[in-house]
Amino acid sequence: MTSPALQALAHHRAWTGKGLDSAMRYIADDVVCDAPAGRIDGIQAYREFLAPFAERFLIRAEMIAAFGDDSTAVLMYDAETIPAKSAPAAEFYTVRDGKIVHNRFVFDRTPFDEFRRRQAQATL
């Protein structure tokens, strides 16, 4: 499994299946992730970014499309989450030496921000 597209799919299947430890095997130590919240540097920060979503909010993810070439892969999927029934997302991966070194992660934060706002109001 050396194809960038297959590495990205394996990573995606692992974290969306609640296997975060398995998913992290596909991530380079010096990974960079550009996400709506900003830039995330390094494997530990990447894990801390992904874990709350994968472990607390994600119900399931349905793959819409996956494409890859010699060094990149694009995945588009729809995630069903606690805050949002439909949360479409796309990830553009760069893979080098069998590890994901860069991820451009795109999703609409609005349903998640609203969910956090409602939770904060409920605790007042």
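To be clear, the structure that these remarks concern was listed above.
Residues numbered from 1 in each chain as written. Predicted model: local features only at pLDDT ≥ 70, side-chain atom pairs only at ≥ 80, totals over all residues. Heavy atoms only, no water.

## Focus: the side chain of Glu91
Moving on, step 1. By secondary structure assignment, the location of Glu91 is in strand S5 (residues 87–96).
Moving on, step 2. For the buried residue Glu91, which engages in no salt bridge, the nearest side chain bearing the opposite charge is Arg104, 11 Å off.
Moving on, step 3. In terms of polar contacts, Glu91 uses its side chain to reach the side chain of Tyr93, at 2.8 Å.
Moving on, step 4. Here Asn103 takes part through its side chain, which lies 2.6 Å from a polar atom of the side chain of Glu91.
Moving on, step 5. For Glu91, the residues in contact, after removing those within four places along its chain, are His12, Trp15, Tyr46, Ala73, Val74, Leu75, Tyr77, Asn103, Arg104 and Phe105. (Helix = DSSP H or I, 4+ residues; strand = E, 2+ residues; numbered from the N terminus. Buried < 20%, exposed > 50% of the residue type's maximum accessible area, 1.4 Å probe, protein only. Lys, Arg positive; Asp, Glu negative; His and termini not counted. Salt bridge = Lys/Arg side-chain N within 4 Å of Asp/Glu carboxyl O. Polar contact = N/O pair within 3.5 Å; in protein donor to acceptor, adjacent residues only side chain to side chain. Contact = heavy atoms within 4.5 Å.)

## Quick word on the nonpolar core
The tendency in soluble globular proteins is for nonpolar side chains to be buried as a group.
Moving on, step 1. The biggest cluster of nonpolar side chains holds 35 residues, and the ones touching the most others in it are Trp15, Tyr46, Phe53 and Tyr93.
Moving on, step 2. Those elements that provide at least two residues to this core are helix H1 (4–16), helix H2 (20–24), strand S1 (27–35), helix H3 (43–57), strand S4 (72–81), S5, strand S6 (99–107) and helix H4 (110–122).
Moving on, step 3. When near neighbours in sequence (up to four residues on either side) are disregarded, Tyr93 contacts Ala8, His11, Trp15, Tyr46, Ser71, Thr72, Ala73, Leu75, Ile100, His102 and Asn103. (Core = buried A, V, L, I, M, F, W, Y, C linked by side-chain atoms within 4.5 Å.)

## A short note on the pattern of salt bridges
Moving on, step 1. Scanning the entire structure with this criterion turns up eight salt bridges.
Moving on, step 2. Taking the shortest distance from any N to any O, the salt bridge between Asp34 and Arg39 comes out at 2.8 Å.
Moving on, step 3. One salt bridge connects Glu62 with Arg60, and the closest N-O pair in it is separated by 3.7 Å.
Moving on, step 4. You can call Arg60 partly exposed: its relative accessible area is 41%.
Moving on, step 5. Through salt bridges with shared partners, a single ionic network connects Arg60, Glu62, Glu80 and Lys85.

## Concerning H3
Moving on, step 1. Helix length check: H3 (15 residues) gives 21 Å between terminal C-alpha atoms against 21 Å at 1.5 Å per residue, within 8%.
Moving on, step 2. Along H3, the largest kink reaches about 35° and is centred on Leu50; proline Pro52 follows within four residues of it.
Moving on, step 3. For H3, the full list of buried residues reads Tyr46, Leu50, Ala51, Phe53, Ala54 and Phe57. (Expected span 1.5 Å × (residues − 1). Bend = angle between axes of the 7 residues up to and from the residue.)

## Here we look at the sheet that holds S1
Moving on, step 1. The six strands are arranged S2-S1-S6-S5-S4-S3 in an open sheet whose pairing can be described as mixed. Strand pairing shows two members of the sheet lacking a second neighbour, strand S2 (38–41) and strand S3 (58–68), which therefore form its edges. Going from strand to strand, the sheet's axes swing by 20° on average, the running direction of each strand aside.
Moving on, step 2. In this sheet, S4 lies alongside S3 in antiparallel orientation, the contact comprising nine bridges. (Pairing = 2+ DSSP bridges. Axes fitted to C-alpha atoms, helices over the stretch in contact; angles between N-to-C directions.)

## A few points about the side chain of Glu80
Moving on, step 1. Here Glu80 is to be found in strand S4.
Moving on, step 2. Among the polar contacts listed, one links the side chain of Glu80 to the side chain of Lys85, at a separation of 3.3 Å.
Moving on, step 3. Filtering out sequence-adjacent residues up to four positions away, Glu80 remains in contact with Phe57, Leu58, Ile59, Arg60 and Lys85.

## Focus on the packing of aromatic side chains
Moving on, step 1. A complete count under the given rule lists five aromatic pairs for this structure.
Moving on, step 2. Here the aromatic rings of Phe57 and Phe115 are separated by 5.4 Å at their centres, their planes lie at 90°, and the arrangement is edge-to-face. You can see Phe57 sitting in helix H3 and its partner Phe115 sitting in helix H4, a full 58 residues away along the chain. Note on accessibility: Phe57 and Phe115 belong to one class, buried.
Moving on, step 3. Members of the aromatic cluster, joined through ring pairs, are Trp15, Phe53 and Tyr77. (Phe/Tyr/Trp six-rings, centres within 6.5 Å; stacked < 30°, edge-to-face > 60°.)

None of the figures reported here should be taken as evidence of function without further support.
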